[in-house]
Amino acid sequence: MQIKTYSLSVLLIVIALLAFSMQIRADGLYSLDSAVQEAIRNNYLIQGTVDQIKAAQAQRRSATAGMLPELSFDYSAVGLKNQPYLQIPHRPLPVFSGGKPNGDYVYLPPRMYMNGTALINWEIELKQPIFTGFALFNQRKLADLGIDITRVQHEEAILDIGEEVRIAYFNVLRAQKQVQVADERVEQLTSHVHEAQHFYDRGIVAYNDQLKSQVALADAVQFKSQAEANLAIARANFNTLLNRDLAKDVQLEDITSVTAASYDPAALTDEALQNRPELKALGIRVQQAATHAKLAESEYYPHIFAFAAYTQAGQDGLAARNEYQNQYNQMVGIGIKWTIFNWLKTNDNAQQADYTKSAIKNQLHAFMNAVKLQVQSNLIELDTAAQDISTSETALAQAKENYRITNLQYGQQLVTSTEVLDAQTYLTQAELNYYNALYGYEISLAKLERSLGRNDYGK
């Protein structure tokens, strides 16, 4: 019975621990991937690029509609103060009989009324472009390129947010370690102050040794306050990227080590030139400029369209009654508009597009060089960070041992308080150097992968 009770108690404890762990995760325990994914879902800039894609798709549908028949309806109603009439000269008109004047004359009235005081007209027209010098085709091509460039901008926004979140993530972890180091420093120096006070009270050490330890403690307290402020700022920055409350607590999965990899600089450069969305965007802009040139050149050609219309005119609201002329009419026809001369405006517009294309090409080549340099620089920084981890790890072990030995020697009055404070300073700096190297490697890796255009978090 006791065994069953014990087993049930253990089971309940395990369930409670699991529930507590799940609650912590629900309340904000993030892995690196989950943090990036949440930022992508919630970030306003990324949501804005999605809207830009939808806007470009609407523009494409609009450009396609311009190639299809257009049906329009026009209606006008005009009220006149005076009834319109035709003034007729008061002259006799001979009367013909059998093809010859018979000697009689008639007189027309001096006025012939042409319409009433109400003029009602409406028209339904169907219009279809036939040839526009390829203008409509190039407008739709520009719309297609617009969709392409907004998708590239969406990809770029994801890469930017991914990099920023990764940097913010490890900045929070680094700031937490700095606070931890600061707490340890305050604790160590507090213990040293008490020990120095004990030796001073016994007349073993001088008063200035006691003062040195107190000044060092005050400096440690100040360093701790600054570290806590830096942590609050790092957390606020992280929360901003994930669109969370700035003051909300942040729980992150920590790392204890990194696995440094070797990279082929040439392969990385090729990857960057292939994947960088900024290069893709510049390439699309070159195509846009070339299409704008063709669009401008469309004015060299005649624009031809066909139309069919039904019109009706009258004196009532629906133009159903007309006492002066035919009430309705139908028409079909072809229209041609051809700009013969416009002071070389068409040529200048085409040249403007050509020069713009050339300028964007130069920007593209310049940015390719910048990408190559950025990849090489980030790779060097990553290699340096990997070396710093090994160096700082060794230095940290040495600083810990040095502090332990020096502290023991001070207890036996074999060294002075100054040496203890120096050993503690070395230890603090070694710890900070190690954590800076550890998290700095991950930050350098994030920058390198951003410069390569790697997108592991969604399109």
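Anything mentioned here points back to the structure above.
These remarks concern the structure in this document. (Residues numbered from 1 in each chain as written. Predicted model: local features only at pLDDT ≥ 70, side-chain atom pairs only at ≥ 80, totals over all residues. Heavy atoms only, no water.)

1. A closer look at unusual backbone geometry
For residues that are not glycine, phi is negative in most cases, and the peptide bond is trans in most cases. One non-glycine residue, phenylalanine 134, adopts positive backbone phi at about 70 degrees. Secondary-structure assignment places phenylalanine 134 in the loop between β7 (118-131) and α4 (135-201). The residue asparagine 243 is not glycine, and still its phi comes out positive at about 60 degrees. Following the sequence through the fold, asparagine 243 ends up in the loop between α5 (207-241) and β8 (251-252). (Helix = DSSP H or I, 4+ residues; strand = E, 2+ residues; numbered from the N terminus.)

2. Considerations on the nonpolar core
If you look at the biggest cluster of nonpolar residues, it comprises 43 residues, and the most contacted ones within it are Val165, Tyr169, Phe170, Phe238, Leu242 and Leu252. Only α2 (32-42), α4, α5, α8 (345-411) and α9 (417-452) provide two or more residues apiece to this core. Here this core gets 14 residues from one element, more than from any other, and that element is α4. Setting aside residues up to four positions removed in sequence, leucine 252 forms contacts with Leu29, Tyr30, Tyr169, Val172, Leu173 and Phe238. Membership of the second largest hydrophobic core comes to 19 residues, among which are Ile360, Val375, Ala437 and Leu452. (Core = buried A, V, L, I, M, F, W, Y, C linked by side-chain atoms within 4.5 Å. Buried < 20%, exposed > 50% of the residue type's maximum accessible area, 1.4 Å probe, protein only. Contact = heavy atoms within 4.5 Å.)

3. Considerations on the pairing of β7
Relative to β7, strand β2 (residues 70-79) runs antiparallel, the two sharing 10 bridges. When the sheet's bridge partners are listed, serine 76 is paired in β7 with asparagine 121. Here 11 bridges tie β7 to strand β9 (residues 303-314), and the two strands are oriented antiparallel to one another. Following the sheet pairing, lysine 127 is matched in β9 by phenylalanine 307. (Pairing = 2+ DSSP bridges.)

4. Let's talk about the side chain of arginine 450
In this structure, arginine 450 sits in helix α9. At a separation of 2.7 Å, a polar atom in the side chain of arginine 450 contacts the side chain of glutamate 278. Discounting residues that sit within four places of it in the chain, arginine 450 has contacts with Glu156, Leu159, Asp160, Glu163, Arg276 and Glu278. (Polar contact = N/O pair within 3.5 Å; in protein donor to acceptor, adjacent residues only side chain to side chain.)

5. Considering the pattern of salt bridges
With the rule as written, the count across this model stands at 13 salt bridges. Between arginine 454 and glutamate 271 there is a salt bridge, with its nearest N and O atoms 2.7 Å apart. Here arginine 454 is found in the segment after α9, whereas its partner glutamate 271 is found in helix α6 (residues 265-275), with 183 residues between them in sequence. What makes arginine 454 partly exposed here is its relative accessible area of 28%. (Salt bridge = Lys/Arg side-chain N within 4 Å of Asp/Glu carboxyl O.)

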